[in-house]
Structures are given as C-alpha cells and as structure tokens.
Amino acid sequence: RALEATRLYNKGIFAYSKGMYDDSVKWLQAALEAIDERTLLGGQIQIQMALGYDAYGKRDVALRLYSHLVEKHPDQGVKKKAAELKYILEAPKMEIGDDERVQVLLLRDDFGGYRDRWGTQGGSTTGSEREAPVEHELGGDANFVPNVRLPQNPMITAAGLTIAAGIAVYSATLVR
C-alpha cells in the first residue's frame, strides 16, 4: 500500500509541476486513500494537496487543510511545514495587474491509464481550455525522442571526449 501511495504521490507532484493543479489534487487524493493520513507520507501528501488547492484557486480549502495538519498531525515535521505554509498563505497579497503576471506554457504529458478517468482539459487556475497543442507551437511531433544512447561508464565518456578533442586539434592543424 505504501508503494502504491508513493507512486500516486509522485504522479500528483508531477502533475503539479506541469501546472495541472486539479489533476494533481485528484492523484494526491487517490494516494491518501491508499495510506493512513497520520503517517509521514500521509502528511506530505496532504501538504502537497493543499499546495494544489491553493494553486487551483481554492485558498480556503488549502487553509483548512493546513490548519487540520497543524492541530492534528502526529509528525512534528509535517506540523512545522504546514504552519509555515499556512503563515505564507495568510500573508497579505500584493495587487498586480494581468500584464505583470508571468505566462506559463502548459505542457501535456502521459498519465498512463488514469488520464481518461481523471484527466481534465487544462491546468490553468481559470479552468480555461488550452490555446494550442504544444506540437503546433513547436512544429512537429512532441513525442519525438532522439535515439541516442550515452555510455554509462565515465571512462568511456572521457576516452570519447579525448578522441573528439584530438580530432578537432588535428583538423585545425591541417587547415594551416
């Protein structure tokens, strides 16, 4: 159960890192169902879930979750982190205009078989749809992965670099 919870927790963190906050919360809720919320991992899952709620615009839900962790969680590290994040969330916010906000390009990723079940249309805080797929913006297939296998042994890498440097020096002397 802990392994499954860790796997779902990592998926939630990954979704959060891509700006898909609502998906992130769904992954984290599934992870929390797989483990006791009073464990260290359970506390970390709830902290990440509160971050997801805040990023998705559900500040009040995030504050309630932080307060719950500060009051009830048995792990002192989780309590401390929740208290710090709650303090930051309660701090006065600066007023900034739309032209001062950073625009982040949304990236799409494969979430395995769960994408159809839990997937949403985007990760923006407004819930609006994505403008254009990444493939159209960058031109070409976004799933392209070059088939280059790098050596695992550092000695082979050093030898290859030495040979490449030698060829470059030799080529430079031929031009003269």
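A quick note: this is a predicted structure, and the numbers were derived from the prediction, not measured. Each chain carries its own residue numbering, running from 1 in the direction its sequence is written. Predicted model: local features are reported for residues with pLDDT of at least 70 only, side-chain atom pairs are reported and counted for 80 or more only, and whole-chain, interface and lining totals are derived from all residues. Side-chain figures throughout are based on the complete set of non-hydrogen atoms in the structure, without hydrogens or water.

A. Looking closely at the side chain of His-73. By secondary structure assignment, the location of His-73 is in the loop between helix H4 (59-72) and helix H5 (76-90). Identification of polar contacts relies on pairs of N or O atoms within 3.5 Å, with a donor-acceptor requirement for protein atoms, meaning one able to donate a hydrogen and the other able to accept it, and with residues adjacent in sequence counted only if both atoms are side-chain atoms. Separated by 3.1 Å, the side chain of His-73 and the backbone oxygen of Glu-37 make a polar contact. Here the side chain of His-73 touches Thr-39 through a polar contact of 3.1 Å, landing on its backbone oxygen. Residues are treated as being in contact if the distance between any of their heavy atoms lies within 4.5 Å. Not counting the four nearest positions on each side in its chain, His-73 is found in contact with Glu-37, Arg-38, Thr-39, Gly-42, Gly-43, Gln-46, His-68, Val-78 and Lys-79. Numbering of helices and strands starts at the N terminus; helices are DSSP runs of H or I of at least 4 residues and strands are runs of E of at least 2.

B. Structural detail: the confidence of the model for the protein. Confidence of the predictor at the level of single residues is given by pLDDT, which spans 0 to 100. When pLDDT is averaged across the protein, the result is 79; 72% of the residues are at 70 or more. Across residues 113-117, where pLDDT falls below 50, the model places 9 contacts with residues more than four positions away in sequence or in other chains. This stretch, residues 121-131, has a pLDDT under 50; its non-local contacts, to residues over four places away or in other chains, come to 20 contacts.

C. Spotlight on the nonpolar core. Counting residues in hydrophobic clusters, the biggest one holds 28 residues, and the most contacted among them are Tyr-9, Leu-41, Ile-45, Met-49, Tyr-53, Ala-62 and Tyr-66. Of all elements in the fold, only helix H1 (2-17), helix H2 (21-33), helix H3 (40-55), H4 and H5 reach the threshold of two or more residues within this core. With sequence-adjacent residues up to four places away left out, Ile-45 is seen in contact with Ala-5, Tyr-9, Leu-28, Ala-31, Leu-32 and Ile-35. Take the buried Ala, Val, Leu, Ile, Met, Phe, Trp, Tyr and Cys residues and link them wherever side-chain atoms come within 4.5 Å; each set so joined is a nonpolar core. In this scheme, a residue with accessible area under 20% of its type's maximum is buried, one over 50% is exposed, and one in between is partly exposed, where area comes from a 1.4 Å probe on protein chains only.

D. Highlighting the pattern of salt bridges. Basic side-chain nitrogens of Lys or Arg form a salt bridge, by our definition, when they fall within 4 Å of a carboxyl oxygen of Asp or Glu. Scanning the entire structure with this criterion turns up 4 salt bridges. Glu-4 is the salt-bridge partner of Arg-7, the closest N and O atoms lying 2.8 Å from each other. Residue Arg-7 and its partner Glu-4 are located together in helix H1, separated by 3 residues, close to a single helical turn. One salt bridge connects Arg-64 with Asp-60, and the closest N-O pair in it is separated by 3.8 Å. Here the residue Arg-64 and the residue Asp-60 both occupy positions in helix H4, the gap between them amounting to 4 residues, near one helical turn.

E. View of the packing of H3 against H5. Helix axes are fitted to C-alpha atoms over the stretch in contact, other axes to C-alpha atoms as well, and angles between N-to-C directions run from 0 to 180 degrees. For the pair H3 and H5, interaxial distance at closest approach is 10 Å and the crossing angle is 10°. Overall, the two elements H3 and H5 adopt an arrangement that is roughly parallel. Here Leu-40, Gly-43, Gln-44, Ile-47, Leu-51 and Asp-54 of H3 come into contact with H5, specifically with Val-78, Lys-81, Ala-82, Leu-85 and Leu-89. Its residues assigned to classes, the contact of H3 with H5 shows 7 nonpolar, 2 polar and 2 charged. Here the angle decides the label: under 35 degrees means roughly parallel, over 145 means roughly antiparallel, 65 to 115 means roughly perpendicular, and every other value means oblique. All amino acids are sorted into three groups, where Ala, Val, Leu, Ile, Met, Phe, Trp, Tyr, Cys and Pro are nonpolar, Asp, Glu, Lys and Arg are charged, and the leftover types, Gly among them, are polar.

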